[in-house]
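One-letter residues, chain by chain:
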Amino acid sequence: MLCQECRKRAATVHVTQVVNQTKTEKHLCSECARQMGEFEFALSPSFNINSLLASMFNLEPQLAAGSRLRCENCGLTFPEFGKAGRLGCSQCYAEFRPRLEPLLRRVHGASVHTGKVPSRTGGAVRAKKEIEDLRRQLAQAVQAEEFERAARLRDEIRSKETQLT
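Residues numbered from 1 in each chain as written. Predicted model: local features only at pLDDT ≥ 70, side-chain atom pairs only at ≥ 80, totals over all residues. Heavy atoms only, no water.

**Q** Which residues make up the overall build of the protein, and what are the values?
**A** Regarding its fold elements, the protein presents 9 helices and 2 strands. From first element to last, N terminus to C terminus, the protein shows the α and β order β-β-α-α-α-α-α-α-α-α-α. The burial tally for the protein puts 23% of its 165 residues in the buried class. Long-range contacts, defined here as pairs at least 24 residues apart, represent 26% of the contacts in the protein between residues at least 6 apart. About 12,300 Å² of surface is accessible on the protein, with carbon and sulfur atoms providing 50% of the total. (Helix = DSSP H or I, 4+ residues; strand = E, 2+ residues; numbered from the N terminus. Buried < 20%, exposed > 50% of the residue type's maximum accessible area, 1.4 Å probe, protein only. Contact = heavy atoms within 4.5 Å. Areas by Shrake-Rupley, 256 points an atom, 1.4 Å probe, with all protein chains shown as cover.)

See the structure below:
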């Protein structure tokens with residue numbers, strides 16, 4: 001397919017825009033797309049998904065605030081983590097915990113795993129999730145002044161907690 005602008009080079013940039021339920025497609029060569037200037041981020045060899053996500057979630061202030069944090073084990077700094085998008089070692093989780101928890105809550109909605117757990121290996125994790133769910137139900141029952149239900153939930157929580165230990 002040839003570029004729709006110059007009609008000389010092969011189209012390597014394909015852009016689909018939907019405005020007011022009207023779909024328009026442009027097929028451009030990288031040179032014409034660069035001249036248009038709107039698609040520079042996609043053409044840049046230094047395009048970094050981590051920097052895109054950091055800008056989307058406004059993470060720069062958090063990364064700058066943790067600029068003095070450094071992992072004792074591998075030497076990674078918190079701003080370096082922001083650029084690389086991954087931690088250097090297992091100790092980084094403990095070192096950066098105060099900064100990672102709000103970051104994870106903001107990006108993922110939680111700072112603990114909330115997804116599925118394998119049925120063969122996830123017994124303790126599943127039990128902890130059940131206890132958390134029961135505690136939420138207990139709080140709701142107390143708030144609604146359903147004390148008999150709350151007592152049953154309390155007993156069930158205690159029973160599950162003794163099974164964990």
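More follows now that the structure is in view.
**Q** Just give me the short version of the nonpolar core, but keep the residues and values in it.
**A** Counting 10 residues, the largest nonpolar core consists of Cys-71, Leu-76, Phe-78, Phe-81, Leu-87, Cys-89, Cys-92, Phe-96, Leu-100 and Leu-103. In this view, Phe-96 contacts Leu-69, Arg-70, Cys-71, Leu-76, Thr-77, Phe-78 and Leu-87; residues no more than four positions away in its chain are not counted. (Core = buried A, V, L, I, M, F, W, Y, C linked by side-chain atoms within 4.5 Å.)

**Q** Quick rundown of the state of the cysteines? Include the residues and the values.
**A** Under the criterion given, the structure shown has 0 disulfides. Its sulfur unpaired, Cys-6 is 3.8 Å from the next cysteine sulfur, which belongs to Cys-3. (Disulfide = S-S within 2.5 Å.)

**Q** I'd like a rundown of the packing of helix H8 (residues 123-143) against helix H9 (residues 147-164), residues and numbers included.
**A** It is the contact of H8 with H9, at a shortest axis distance of 9 Å, that shows an interaxial angle of 160°. Here H9 runs roughly antiparallel to H8, going by the angle between their axes. Where H8 crosses over H9, the handedness of that crossing is left-handed. On H9, the residues touching Ala-124, Ala-127, Lys-128, Glu-130, Ile-131, Leu-134, Arg-135, Gln-137, Leu-138, Ala-141 and Val-142 of H8 are Phe-147, Arg-149, Ala-150, Leu-153, Arg-154, Glu-156, Ile-157, Lys-160, Glu-161 and Leu-164. Of the residues in the contact of H8 with H9, the class split is 12 nonpolar, 1 polar and 8 charged. (Axes fitted to C-alpha atoms, helices over the stretch in contact; angles between N-to-C directions. Parallel < 35°, antiparallel > 145°, perpendicular 65-115°, else oblique. Left-handed = near helix turned anticlockwise from the far one by under 90°. Nonpolar A, V, L, I, M, F, W, Y, C, P; charged D, E, K, R; others polar.)

**Q** Tell me what's going on with the pairing of strand E2 (residues 22-28), and back it up with residues and numbers.
**A** By the bridge criterion, 7 bridges tie strand E1 (residues 13-19) to E2 in an arrangement that is antiparallel. Directly across from Gln-17, in E2, lies its bridge partner Thr-24. In sequence, E1 turns back onto E2 through a hairpin of 2 residues, with Asn-20 there showing a positive phi of about 50°. (Pairing = 2+ DSSP bridges.)

**Q** How would you explain the confidence of the model for the protein if you had to name every residue and give the values?
**A** Residues at a pLDDT of 70 or more form 79% of the protein, whose mean pLDDT is 80. Averaged over each element, pLDDT in the protein is lowest for helix H2 (residues 40-43) (49) and highest for H9 (92). (pLDDT = per-residue confidence, 0-100.)

**Q** Mind laying out the packing of aromatic side chains, listing which residues take part and the relevant values?
**A** Scanning the model with the defined rule gives 1 aromatic pair in all. Geometrically, the ring pair formed by Phe-78 and Phe-96 is edge-to-face, given 5.4 Å between the ring centres and 70° between the ring planes. Of this pair, Phe-78 sits in helix H5 (residues 78-84) while Phe-96 is found in the loop between helix H6 (91-95) and helix H7 (97-108), placing the two residues 18 residues apart along the sequence. The class of Phe-78 is buried, set by a relative accessible area of 1%. Using a relative accessible area of 0% as the deciding quantity, one classes Phe-96 as buried. (Phe/Tyr/Trp six-rings, centres within 6.5 Å; stacked < 30°, edge-to-face > 60°.)

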